[in-house]
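Structure at a glance
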Amino acid sequence: MQQNRNVERRTVLKAAGASLAVAGLGATATACGGDSGAGDGTVTIRYAWWGAEDRAQRIKKTIALFEKKYPKIKVKTDFQVYPDFWKKFNTQASGGNPPDVFQNAIGFLRKYDAKNVLLDLSPQVEAGNLSLDGFRAGLEKFGEVDGKLLGVPVGSNSMALVIDKPVYTKSGVKPEQGWTWDDFDAAMKKIREKAGRAGDSGMYGVMYLYDLYLRQNGKAFFTEDGLGFTEADLKAWWAKAEKGLEEGLYADPKKVAQIKPKSAVAAELAAGEFTWDNFTVRYTSEGKSEYGLAPIPTTDGKRTGQYLGSLMLSASKRTQHPKEVAQFIDFMVHEPEVAKIMGYDRGVPATQAQYDAYQPTDPVNKAIAEYEESLVAAGVLEPITPHPNGADICEAAFLRIGDELALGTRTVDEAVKQFFTESKTALGT
Amino acid sequence: MGTTVTHAPATEGLSKDERSEPRHGPADAPSPAALLRRGRRENLAGYLFMSPWIAGFLLLTAGPMIASLYFAFTDYNLFDAPRWIGLGNFSEMFADPRWRHSVRVTLWYVVVGTPLKLLLALGVALLLAQNRRGQAFYRAAFYAPSLIGASVSVAIVWKAIFSDDAIVDRTQRIFGIDAGGWIGDPELIIYSLVALTVWQFGAPMVIFLAGLKQVPRELYEAAEVDGAGKWRRFWNITLPMISPVLFFNILLETIHSFQIFSSAYIVGGGAGGNACGPADGSMVYTCYLYVQGFENSRMGLASAMAWLLLVAVALVTAVLFWSQKRWVHYEEGA
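The structure presented is a predicted model; accordingly, all values stated were derived computationally and were not measured.

Things to note about the interface of chain B and chain A
Interface size is commonly expressed as the accessible surface area that is lost when the partners come together. Counting from both sides, the interface comprises 35 residues of chain B and, opposite them, 30 residues of chain A. Both faces combined, the contact of chain B with chain A buries some 2800 Å², and carbon together with sulfur accounts for 55% of it. Where chain B packs against chain A, one counts three salt bridges. Glu 295 of chain B is the salt-bridge partner of Lys 87 of chain A, the closest N and O atoms lying 3.3 Å from each other. Here chain B and chain A share four residue pairs in polar contact (both at pLDDT 80 or more) between them. With four residues, the top contributor of residues to the side of chain B that touches chain A is helix 3 (residues 32–71) of chain B. Broken down by class, the residue content of the side of chain B that touches chain A amounts to 15 nonpolar, 10 polar and 10 charged.

Things to note about the packing of helix 3 of chain B against helix 15 (residues 299–327) of chain B
Residues and elements named next belong to chain B. Close contact between helix 3 and helix 15 brings their axes to 8 Å; oriented N to C, the two are set at 110°. The pairing of helix 3 with helix 15 is recorded here as roughly perpendicular in orientation. Residues Met 65, Ser 68, Leu 69 and Phe 71 of helix 3 form the contact with helix 15, whose own contacting residues are Gly 300, Ser 303 and Trp 307. Residues belonging to the contact of helix 3 with helix 15 are distributed by class as follows: four nonpolar, three polar and no charged.

Here's the deal with helix 7 (residues 152–161) of chain B
Residue and element names in this part refer to chain B. Listed as buried for helix 7 are Val 154, Ala 155, Trp 158 and Lys 159. Projected down its long axis, helix 7 carries its buried residues within an arc of 145°, all on one side. Elements in contact with the buried residues of helix 7: helix 6 (135–148), helix 9 (189–199) and helix 13 (262–268).

Comments concerning the sheet that holds strand 6 (residues 152–157) of chain A
Residues and elements named next belong to chain A. Spatially, six strands are ordered 2-1-3-10-6-11 in an open sheet, and the strand pairing comes out mixed. A strand with exactly one partner marks an edge of an open sheet, and here the two such strands are strand 2 (73–80) and strand 11 (348–349). Two strands pair when backbone bridges link them, and strand 1 (residues 43–50) and strand 3 (residues 101–105) are joined in this way by two bridges, in the parallel orientation. Within the sheet, the bridge partner assigned to Ala 48 lies in strand 3 and is Phe 102. Where helix 2 (residues 53–69) meets the sheet, it contacts strand 1, strand 2, strand 3 and strand 10 (309–315), and its direction lies at approximately 170° from that of strand 2.

Quick look at the domain arrangement of chain A
Residues and elements named next belong to chain A. For chain A, the domain assignment lists domain 1 (43–156 + 309–373) and domain 2 (159–308 + 384–427). Distance between the C-alpha centres of domain 1 and domain 2: 28 Å. Counting residues at the interface gives 22 residues for domain 1 and 25 residues for domain 2. Around 1800 Å² of area is buried between domain 1 and domain 2 when both sides are counted, 62% of it from carbon and sulfur atoms. Our enumeration of links across domain 1 and domain 2 arrives at one salt bridge. Across the salt bridge formed by Asp 392 and Lys 111, the nearest N and O atoms sit 2.6 Å from each other. Scanning the region where domain 1 abuts domain 2 turns up four residue pairs in polar contact (both at pLDDT 80 or more). Of all the secondary structure elements, the ones that give two or more residues to the side of domain 1 that touches domain 2 are helix 4 (106–114), strand 10 and helix 15 (363–378). The class makeup of the residues in the side of domain 1 that touches domain 2 is 11 nonpolar, six polar and five charged.

Some points on the nonpolar core
With 120 residues, the main nonpolar core has Leu 234, Trp 238 and Phe 419 of chain A as its most contacted residues. The leading source of residues in this core is helix 12 (residues 322–334) of chain A, at seven residues. Among the domains, domain 1 (43–156 + 309–373) and domain 2 (159–308 + 384–427) of chain A are the pair contributing at least three residues each to this core. If we ignore the near neighbours within four places in the chain, the residues touching Phe 419 of chain A are Phe 221, Leu 227, Phe 229, Leu 234, Trp 238, Cys 394, Ala 397, Phe 398 and Ile 401 of chain A. Ile 183, Ile 190, Ala 275 and Val 313 of chain B belong to the second-largest nonpolar core, a separate cluster that totals 40 residues.

Quick notes on a nonpolar patch on the surface
A contiguous nonpolar surface patch, about 350 Å² in accessible area, is contributed by Trp 53, Phe 57 and Leu 58 of chain B. One can find Leu 58 of chain B in helix 3.

Points about the sheet that holds strand 9 (residues 291–294) of chain A
All names here are of chain A. Taken together, three strands build an open sheet; the order of strands is 8-7-9 and the sheet is antiparallel. Looking at strand neighbours, the two that pair on one side only are strand 8 (272–276) and strand 9, the edges of this open sheet. Between one strand axis and the next, the sheet turns through 35° on average, direction left out of account. As paired elements, strand 7 (residues 159–164) and strand 9 share four bridges and run antiparallel to each other. What sits directly across from Ile 163, in strand 9, is Gly 292. Each of strand 7, strand 8 and strand 9 touches helix 11 (residues 279–286); the most contacted strand, strand 8, lies at about 135° to it. Each of strand 7 and strand 9 touches helix 15; the most contacted strand, strand 9, lies at about 5° to it.

Considering the side chain of Arg 136 of chain A
Residues and elements named next belong to chain A. By the element assignment, Arg 136 lies in the loop between helix 5 (122–126) and strand 4 (144–145). Salt bridges are absent for the buried Arg 136, whose nearest opposite-charge side chain, Glu 372, sits at 4.2 Å. A distance of 3.0 Å separates a polar atom in the side chain of Arg 136 from a polar atom in the side chain of Ser 156.

Here's the deal with the packing of aromatic side chains
All names here are of chain A. As enumerated under the stated definition, the model contains 65 aromatic pairs over all chains in all. Plain terms: the ring middles of Trp 50 and Tyr 82 are 5.1 Å apart, the flat faces sit at 75° to each other, and that makes the pair edge-to-face. Placement of Trp 50 in strand 1 and of Tyr 82 in helix 3 (residues 82–94) is noted, with a sequence separation of 32 residues between them. In this structure Trp 50 comes out as buried when scored by relative accessible area, which is 9%. Using a relative accessible area of 37% as the deciding quantity, one classes Tyr 82 as partly exposed.

Notes on the confidence of the model for chain B
Parts of the model with low pLDDT should not have their predicted coordinates read in detail. All names here are of chain B. Summary statistics for chain B give a mean pLDDT of 85 and a share of 88% for residues scoring 70 or more. Low confidence marks residues 1–22, where pLDDT is under 50. Its contacts with residues over four positions away, or in another chain, come to six contacts. Predicted as a complex, the structure gets a pTM of 0.79 and an ipTM equal to 0.76.

Observations concerning the pattern of salt bridges
Under the defined criterion, the tally for this structure stands at 30 salt bridges over all chains. What emerges from the salt-bridge pattern is a single network uniting Arg 400, Glu 404, Arg 410 and Glu 422 of chain A together with Arg 98 and Asp 280 of chain B.

Here's the deal with the pairing of strand 2 of chain A
Residue and element names in this part refer to chain A. Inspection of the sheet shows strand 1 paired to strand 2 by eight bridges, in the parallel sense. Counted as the bridge partner of Thr 44 is Lys 74 from strand 2. In this fold, strand 1 hands off to helix 2, which returns the chain to strand 2; that crossover is right-handed.

Details of the pairing of strand 8 of chain A
All names here are of chain A. The element strand 8 is largely enclosed, with a buried count of five among its five residues. When strand 7 meets strand 8, the two strands line up antiparallel, connected through five bridges. Across the sheet, residue Leu 161 finds its bridge partner in strand 8, namely Phe 274.

Conventions used here
- Residues numbered from 1 in each chain as written.
- Chains lettered and ligands numbered in written order.
- Predicted model: local features only at pLDDT ≥ 70, side-chain atom pairs only at ≥ 80, totals over all residues.
- Heavy atoms only, no water.
- Contact = heavy atoms within 4.5 Å.
- Buried area = accessible area lost by both parts, 1.4 Å probe.
- Salt bridge = Lys/Arg side-chain N within 4 Å of Asp/Glu carboxyl O.
- Polar contact = N/O pair within 3.5 Å; in protein donor to acceptor, adjacent residues only side chain to side chain.
- Helix = DSSP H or I, 4+ residues; strand = E, 2+ residues; numbered from the N terminus.
- Nonpolar A, V, L, I, M, F, W, Y, C, P; charged D, E, K, R; others polar.
- Axes fitted to C-alpha atoms, helices over the stretch in contact; angles between N-to-C directions.
- Parallel < 35°, antiparallel > 145°, perpendicular 65-115°, else oblique.
- Buried < 20%, exposed > 50% of the residue type's maximum accessible area, 1.4 Å probe, protein only.
- Arc of directions from axis to C-beta.
- Pairing = 2+ DSSP bridges.
- Domains from an automatic or database assignment.
- Core = buried A, V, L, I, M, F, W, Y, C linked by side-chain atoms within 4.5 Å.
- Patch = residues over 30% accessible without salt bridge, like charges linked within 9 Å, V, L, I, M, F, W, Y side chains within 5 Å.
- Areas by Shrake-Rupley, 256 points an atom, 1.4 Å probe, with all protein chains shown as cover.
- Lys, Arg positive; Asp, Glu negative; His and termini not counted.
- Phe/Tyr/Trp six-rings, centres within 6.5 Å; stacked < 30°, edge-to-face > 60°.
- pLDDT = per-residue confidence, 0-100.
- Right-handed = clockwise from strand over helix to strand, strands pointing away.

Printed below as a string of structure tokens:
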């Protein structure tokens, strides 16, 4: 027994030693990861973005190009679908471990600036690591908030009416730049009668479309610190939605809810949908029909209220490698080869060099290029309105309450009241 | 001769180890100090082996729970330092119609789903308790859904089954009911969740089976001799005899139902661009908690919700325990 116990003790000590060693190794590994610098000056930056598998393949190729040009910088990627992306990002950022560089959008700039998460990139521009030359249509201003450069656009896109072309043709509807909301309503009826399909999939919950409508009427969805419209405005917008649903002009919301995340247009529930023009690429891969782009209806026959929206790259304020991150962003927005790989996946490239480098050959991407060019030619593009801190929550609430209205669980009055209550909480007004 | 062997049997009952290290006899007995040292050493070894668990418990359970209790009384958005607001989170909850809706949905789910599941479990257990051919197969077949039921993949399959133009929709159309799929309908989606939990009746069924096997046959024989019918035997013998098992199942399943999350999140998730089903149709309590915490970054509010749920479940459990005195029978010595 005495002997036995000695063995036991030795085993215990060994086990303890081993676990300590493992813990020690773990600590060392963590230290390395946090510092991400090896002896030879190689640094690793983490790049996070949202999107699907197809985008992952493309981004992988662009990173391989980048690492070839900058052999001392390694890029680790991480991607999720859009809603999950922000959940993970929030958790990481609050834990002090956000990715060094990440995909971002206008609705989040003020939010994360207020939370001290975003790096002001202007010193990097001054240091020559990041160039703001050669952006199209003043896009370089896009990521500026209160004089700080918080994001650099990688592409631009614009709201459009994505349509099922054969259904529109069959119904004899030919949308043209400058058509009015009355024309649009008449078109919805025509499509219902001639093609037996709902005209739209539920436009009244699309925040960005309502924004355009408000801008056509001299207002906007957001001001710098709140909402730019009244309860009466929203009541009018949603009352029209209710009427259209009763008349069967819009797709059955229950069916639209079932098929998500697939779009109602690709599922042949609706002849069209208001969304970003680059989504046409996705609809084409989802659906069987031929899809095209139609202009946004107007109030006065001229003004569409449109602006260029954009995906951006932002950097974390906590990054240990601001220079490398700036070089990475610079490469991604200026390198012509990157544009050839990405195509219009994240919208039309933001810089002229990349725009010229990628000449679409397939009809879908050609249509997107034509659509964006037509917007420039028609001179309808306006500067974007600001998105306050909390805008992302307002958008989610608008979409959700719009759905509740469509599904008949709320009346217009209740829906409007609920939206304003939730927005006030989100915006802190 | 007799005297020489008298000592030998004394160690016979002991194991080999004990024989090599005698416990009695003053000759080589360890001093009290040595015993204490040995005890300490053994304790140390014990704690050392337990340390992974203890560390895990402190770091992953106790620590977060204490932190969450503190956050419950603060406004905490994950980024800025938590700001003490006392009972602010709780008063906000009670004033929030979405929160009240989530409470209603959860209560409805518990009150409808749990009894249905237990009824089915008991019914099938009664059938399977009889000796029949292929009994083992049936038991396994009915139990299987409980094993796989909690998985994400089953929830995804469930979503597909109850979607528009899927098998359920087509079947009900044969009977002339054109309600469309259940998933996109804010009224019907919760029924699909109830169906999912009822389908997993296997676990309580196995426990019921064990309970039924314990009921003494003589009771039935005696009752039969007295001319008691099937129902009479069930009400007066089976039910009282298995009431402890019934109580256990009710308790477990009720607590379980209150905690429903993953199935609701997956079946309802994405429908209508909403994490909690179309028009919040399947927004159970934990689902709203998740939305507040991870989508709206309101960790303080989410913590308060979590603690309220804990208190509510504790209360329900207490009421169930209090009620058992009235209807649960424990056989003396059985």
